[in-house]
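# Secondary and tertiary structure notes
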Amino acid sequence: MTGPQRRLAANRLAPVEVEHLPMRPLWLCRRCGQPWPCGAAKLALLAEYREAPVSLFLYLASCLHDAIDDLHRLNPSVTGTAADMFDRFLGWPAGHTHAYRVSTPTDFSIEEAPS
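Figured I'd write up the structure that's included with this text. (Residues numbered from 1 in each chain as written. Predicted model: local features only at pLDDT ≥ 70, side-chain atom pairs only at ≥ 80, totals over all residues. Heavy atoms only, no water.)

Generally speaking, soluble globular proteins have nonpolar side chains that are buried together. Counting 18 residues, the largest nonpolar core has Trp-27, Trp-36, Leu-45, Leu-60 and Phe-89 as the members making the most contacts within it. Among the elements that take part in this core, helix H3 (residues 53-74) stands out by supplying 7 residues, more than any other. Apart from the residues within four sequence positions on either side, Leu-60 is in contact with Trp-36, Leu-45, Phe-89, Leu-90, Trp-92 and Pro-93. (Core = buried A, V, L, I, M, F, W, Y, C linked by side-chain atoms within 4.5 Å. Buried < 20%, exposed > 50% of the residue type's maximum accessible area, 1.4 Å probe, protein only. Helix = DSSP H or I, 4+ residues; strand = E, 2+ residues; numbered from the N terminus. Contact = heavy atoms within 4.5 Å.)

Here the focus is the environment of Leu-71. Take Leu-71: it is sitting in helix H3. Here Leu-71 falls in the buried class, since its relative accessible area comes to 14%. Remark: the alpha-carbon pair of Leu-71 and Trp-27, spanning 44 residues in sequence, is separated by 7.8 Å.

What follows is about H3. Count 3.6 residues to each turn of an α-helix, and residues three or four apart come out pointing the same way. Given a rise of 1.5 Å per residue, 22 residues ought to cover 32 Å, and the 31 Å separating the end C-alpha atoms of H3 matches this to within 8%. For H3, the full list of buried residues reads Leu-56, Phe-57, Leu-60, Cys-63, Leu-64, Ala-67, Asp-70 and Leu-71. Down the axis of H3, the buried side of the element spans an arc of 150°, and every buried residue falls inside it. Exposed positions of H3 whose direction lies more than 90 degrees from the buried face are Leu-58 and Arg-73. (Expected span 1.5 Å × (residues − 1). Arc of directions from axis to C-beta.)

What follows is the structure, encoded as structure tokens:
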């Protein structure tokens, strides 16, 4: 076996690096087993959607919808409250993105609004 053939054989035997993706229908991380999105998945998502924070919220809202369906189908009694599920999927990125932050002028009041 030549050097390149040995490297190819060794690469086939090496474990494949698994990303922190959801394992459905349990919605646990495929890599670390924590509820998804786990900490590493959150960091990866923030990096991936850095330039498109609204798209991150849309993606996570879709995941939230799917997770509620999947988890309820598996065991309705342990799905979690709506608030818990919302915080798990959509609560965390609000503090890390500027998608929903609206700046308003401080010297503008409702009485001064143009008609």
